[in-house]
Amino acid sequence: MELRHLRCFIAVAEELHFARAAARLHIEQSPLSRIIKELEYRLGVQLFERTTRSTRLTWAGKVFLEEARRVLAVVDQAKASVRSAASGYRGQIRLALSDGIPQGRLASLLARCREEEPEVEICLSEVTFREQVRGLNDGLFDIGLAQSDEVGDGLVAEPVWFDPLVVAVPSRHPLLSYRRVPLEEVVRYPLVLCDPQVCEGFWHQLQRVLSSVNTKLTIADRVPTLDLMMALVAAGYGLGFSSLARITELNNPGVVARPLDGCATMLTTYLVRREGETSKQMARFIGRVSPTENQMLLPDQTSQKEIA
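Please read these numbers as outputs of a predicted model, since none were measured by experiment. (Residues numbered from 1 in each chain as written. Predicted model: local features only at pLDDT ≥ 70, side-chain atom pairs only at ≥ 80, totals over all residues. Heavy atoms only, no water.)

### Overview of the domain arrangement of the chain
Applicable threshold: Residue ranges labeled as domains rest on an automatic or database domain assignment. The contact definition used throughout considers only heavy atoms, calling two residues in contact when any of these lie within 4.5 Å. Put simply, buried area is how much 1.4 Å-probe accessible surface two parts lose in total, over both of them, once they are put together. Salt bridges are defined by distance alone: a side-chain nitrogen of Lys or Arg within 4 Å of a carboxyl oxygen of Asp or Glu. Identification of polar contacts relies on pairs of N or O atoms within 3.5 Å, with a donor-acceptor requirement for protein atoms, meaning one able to donate a hydrogen and the other able to accept it, and with residues adjacent in sequence counted only if both atoms are side-chain atoms. Only DSSP runs of H or I reaching four residues or more are called helices, and only runs of E reaching two or more are called strands; each is numbered from the N terminus.
If you check the domain split of the chain, you get domain 1 (3–70), domain 2 (72–159 + 269–291) and domain 3 (162–266). The C-alpha centroid of domain 3 is placed 29 Å from the C-alpha centroid of domain 2. Contacts between the two partners involve 16 residues from domain 2 and, on the opposite side, 13 residues from domain 3. Both faces combined, the contact of domain 2 with domain 3 buries some 1,200 Å², and carbon together with sulfur accounts for 42% of it. When the buried surface of domain 2 facing domain 3 is broken down by residue, D99, P102 and Q147 rank first, second and third, together holding 36% of it. The interface formed by domain 2 and domain 3 holds two salt bridges in total. One salt bridge connects E200 with R130, and the closest N-O pair in it is separated by 3.5 Å. At the boundary of domain 2 with domain 3, the tally comes to nine residue pairs in polar contact (both at pLDDT 80 or more). Within the residue set of the side of domain 2 that touches domain 3, elements represented by two or more residues are α5 (103–116) and α6 (129–138). Top contributing element to the side of domain 2 that touches domain 3 by residue count: α5, with three residues.

Given below as structure tokens:
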């Protein structure tokens, strides 16, 4: 089995259409079909169920897809490590990000790393929380930043950053009469919420807040990114939720951030790593992410940071 077999299989598995997969790989459809048949022959299993109308993964194909992605990730990581060494770096930290980390905090962290240890390369990967946990367990990542501590056995999650949860309101909206908006008033309006599969950790923290009101929610849309959420909120589709830090960074003139009344909820960002002793290089990195190194913005300060 060669790496080209895996790359071709992944393309077909993700597209579920041989013609589109062939176009993505810049090859003809016939040789792609032969590669998949050869792969199935070598494995001794059927990876796809094919009809004239559709292509679907078998259960064996779904299992193999996860393994194929993992193998290619290891190969890509090996290539990156070699290139890093050739460029003069003497160390590397593979940092996985999930749930949307405030860019200002991340930029400050990376700048400090470059200043204090310029010979150590920080390799960033933006993934879902599940991919992050799997990658940490498989050794694809060294450390992660996430908004969930549900990491399972073998990993530890330590709270490091805290940001107030605020509601994003269109610039012309009745709720702007409140300096602090009661959650009961917020849920009377349609909501633009994050996609739980993309922002799993953030969704779990938000869900705990929303479950405190005994009201059926009206979901206008679920979106994969904060940028899209802010656009829909500014357009009047509904209200949204995020951390004050992230809303402030986007600075959308059509959106105002308001704190929640009687709900001083802090969104927690966790540093996730494998259990056990860490290297001196990793320990120094963890020290830079320490909560004592970051100013925690209190809910009472949010009115000073509202987005006009």
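### Some details on the packing of helix α1 (residues 3–15) against helix α2 (residues 18–25)
Our working definition: Lines fitted to C-alpha atoms define the axes, with helix axes restricted to the stretch in contact, and inter-axis angles between N-to-C directions lie between 0 and 180 degrees. An angle below 35 degrees is treated as roughly parallel, one above 145 as roughly antiparallel, one from 65 to 115 as roughly perpendicular, and anything else as oblique. In a left-handed crossing the near helix is turned counterclockwise from the far helix by less than a right angle, and in a right-handed crossing that turn is clockwise.
Close contact between α1 and α2 brings their axes to 8 Å; oriented N to C, the two are set at 130 degrees. Looking at the two axes, α1 sits oblique to α2. Judged by the sense of rotation from one axis to the other, the crossing of α1 with α2 is right-handed. Where α1 abuts α2, its residues R7, C8, I10, A11, V12, E14 and E15 lie against F18, R20, A21, R24 and L25.

### Considering the pattern of salt bridges
Rules: Whether a residue is buried, partly exposed or exposed follows from its accessible area with a 1.4 Å probe, protein chains only, as a fraction of its type maximum: under 20%, in between, or over 50%, in that order.
The full count for this structure, using the stated rule, is 21 salt bridges. Of the charged contacts in the structure, one is a salt bridge between R24 and E14, with a shortest N-O distance of 2.5 Å. With a gap of ten residues between them, R24 in helix α2 and E14 in helix α1 connect regions that are remote in the sequence. Since its relative accessible area comes to 38%, R24 is described here as partly exposed. A salt bridge links R42 to E38, with the shortest nitrogen-to-oxygen separation between them at 2.8 Å. Here R42 and its partner E38 are both found in helix α3 (residues 29–43), four residues apart, which amounts to about one turn of the helix. Residue E38 is classed as partly exposed on the basis of its relative accessible area of 27%. One connected set of salt bridges, linked through shared partners, spans E14, E15, R20, R24, E66, R69 and R134.

### Topic: the packing of aromatic side chains
Cut-off, in case you're wondering: Pairing of aromatic side chains requires ring centres within 6.5 Å, counting the rings of Phe and Tyr and the six-membered ring of Trp. Pairs whose planes differ by under 30 degrees are stacked, by over 60 edge-to-face, and all others tilted. As a reminder, the over-ring test applies to NZ of lysine and CZ of arginine, requiring each to be within 6 Å of the ring centre and within 35 degrees of the ring normal.
Considering all chains together, one arrives at three aromatic pairs under this definition. A ring pair is formed by F18 and F48, whose centres lie 6.2 Å apart and whose planes are at 65 degrees; its orientation type is edge-to-face. Residue F18 is found in helix α2, and its partner F48 is found in strand β1 (residues 48–50); the two are separated by 30 residues along the sequence. An aromatic cluster is present here, built from F9, F18, F48 and F64 joined pairwise through their rings. The ring of W203 has R222 sitting right over it, with the charged end atom 5.0 Å from the ring centre.

### Things to note about a nonpolar patch on the surface
Spelled out, the test is: Nonpolar side chains (Val, Leu, Ile, Met, Phe, Trp, Tyr) are joined into patches within 5 Å and like charges within 9 Å, using only residues with over 30% relative accessible area and no salt bridge. Residue exposure ignores everything except the shown protein chains as possible cover, and the areas themselves are Shrake-Rupley values with a 1.4 Å probe.
A contiguous nonpolar surface patch, about 230 Å² in accessible area, is contributed by M1, L43 and V45. In this structure, M1 sits in the segment before α1.

### With respect to helix α11 (residues 280–288)
The cut-off we apply is this: Read the arc as the range of directions from the helix axis to the C-beta atoms.
Among the residues of α11, Q281, M282, F285, I286 and R288 are the ones counted as buried. The buried residues of α11 occupy one face: seen down the axis, they fall within an arc of 155 degrees. Against the buried residues of α11 lie β3 (91–97), α5, β4 (120–126), β5 (143–146), β6 (155–170) and β12 (266–274).

### Focus: the environment of T269
With respect to the secondary-structure elements, T269 resides in strand β12. Once you skip the residues sitting within four places of it in the chain, T269 turns out to touch I101, L145, A146, Q147, E158, P159, V160 and W161.

### Some details on the pairing of β6
Rule in force here: For two strands to count as paired, DSSP must find a minimum of two bridges between them.
In this structure, β6 lies alongside β12, joined through nine bridges in antiparallel fashion. The residue of β12 that forms the bridge with W161 is T269. Both β6 and strand β10 (residues 240–243) contribute to a ladder of four bridges, which runs antiparallel. In the sheet register, V166 faces β10, and the bridge partner there is S242.

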